[in-house]
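Remarks on the overall topology
Next come the chains, spelled out residue by residue.
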Amino acid sequence: MKRVSSLIVRASGLLASPVFVSWKQDPATQCEAPTAVPPQTSTFKQHISSIQENYGHTADDFDIYITSVKKKDLKFLFRAYQEGLDVWPWIWTQPNESGPHHVFVGKIDERQLEEIKKLKESVLNINILVISDSESVQKLGIDRLYELECGIVLDTQIELADLENRMIMLEDERIICFTKMYVN
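Below you will find a few notes about this structure. Throughout, a residue's number is its position along its own chain's written sequence, starting from 1. Totals for whole chains, interfaces and linings use every residue, but because this is a predicted model, local features are given only for residues with pLDDT of at least 70 and side-chain atom pairs only at 80 or more, for both listing and counting. Derived side-chain values reflect all non-hydrogen atoms in the structure, with water molecules and hydrogen atoms excluded from consideration.

1. Topic: the side chain of Asp162
Operational definition: By definition, any uninterrupted DSSP run of H or I lasting at least four residues is a helix, any uninterrupted run of E lasting at least two residues is a strand, and each is numbered from the N terminus. Classification of residues uses two cut-offs on accessible area relative to the type maximum, computed with a 1.4 Å probe and protein chains only: under 20% is buried, over 50% is exposed, and between them is partly exposed. Think of it this way: Lys and Arg go in the positive column, Asp and Glu in the negative one, and His and the chain ends go nowhere. Take a side-chain nitrogen of Lys or Arg and a carboxyl oxygen of Asp or Glu: if they are within 4 Å of each other, that pair is a salt bridge. In protein, a polar contact requires one atom able to donate a hydrogen and another able to accept it; more generally it is a pair of N or O atoms within 3.5 Å, and residues adjacent in sequence count only if both atoms are side-chain atoms.
Positionally, Asp162 belongs in strand S10 (residues 158-162). Within the buried core, Asp162 has no salt-bridge partner, and the shortest N-O distance to an opposite charge, that of Lys71, equals 4.7 Å. Of note is the side chain of Asp162, whose polar atom sits 2.9 Å from the side chain of Asn165.

2. Comments concerning the sheet that holds S10
Operational definition: Each pair of strands is called paired provided DSSP finds at least two bridges between the two strands. Every axis in this analysis is a line fitted to C-alpha atoms, fitted for helices over the stretch in contact. Angles between the N-to-C directions lie between 0 and 180 degrees. Contact criterion: two residues are considered in contact whenever any of their non-hydrogen atoms come within 4.5 Å of each other.
The sheet built from four strands is open, its strands ordered S6-S12-S11-S10 with mixed pairing. With partners counted over all chains shown, the strands left at the sheet margins are strand S6 (90-93) and S10, one partner each. Put simply, the sheet's adjacent strands are angled 30° from each other on average, direction ignored. Along the sheet, helix H2 (residues 71-82) contacts S6, S10, strand S11 (167-170) and strand S12 (174-177); its crossing angle with S10, the most-contacted strand, is approximately 80°.

3. As for the packing of aromatic side chains
Put simply, the test is: Any two rings among Phe, Tyr and Trp, with Trp reduced to its six-membered ring, count as a pair given centres within 6.5 Å; such a pair is stacked if its planes are under 30 degrees apart, edge-to-face if over 60, and tilted if neither. A positively charged side chain is recorded as over a ring if its NZ (Lys) or CZ (Arg) lies within 6 Å of the ring centre. The angle to the ring normal must also be within 35 degrees.
According to the stated counting rule, one finds six aromatic pairs in the structure shown. With centroids separated by 5.5 Å and ring planes inclined at 55°, the aromatic side chains of Phe62 and Trp88 adopt a geometry described as tilted. Of this pair, Phe62 sits in the loop between helix H1 (42-55) and strand S4 (64-66) while Trp88 is found in strand S5 (residues 87-88), placing the two residues 26 residues apart along the sequence. Owing to a relative accessible area of 6%, Trp88 belongs among the buried residues under this scheme. Judged by centre distance (6.3 Å) and plane angle (75°), the ring pair of Trp90 and Trp92 falls under edge-to-face. Residue class for Trp92 comes out partly exposed when judged on its relative accessible area of 29%. Grouping aromatic residues by their ring pairs yields a cluster made of Phe62, Tyr65, Trp88, Trp90 and Trp92. Over the ring of Trp92 we find Arg174, and its NZ or CZ is 4.4 Å from the ring centre.

This is the structure we're talking about:
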């Protein structure tokens, strides 16, 4: 398993509940090593309380939960998700056997709308997601995007990007895997 900064893992069938793991410097080896944090500690309780308050679920709802996601963790989470594990941050969109997944990020205007129209006409079963601000979408007309069967995410920023593996994570911890990304 890849090293992550903070991780909660529940191995299916092995543990009754998740284990909170943080990485600390081992003085003997000068390497980072995992340290289990007992569920009764205040750090663990504060984190679980935050999960419940912000998202309406607990760490018990996931097989893997990473609290401080790094770029390298995106690929790890995606692979775990492909293996059938429930992960957080969660894999929200991805290319699939039905078609590619293209993402448009930034202000959206007529130029991007024309590009989306061309893609919809030329690429069979393409999935398109628009990540933009409310103002530019409202100015363009949200119905025009819906007519083209676009997914729309408003008023959030990209927090992490692993462009080599074609993955981004938004501020709200949705992971988006894509075939191609357009940034305006």
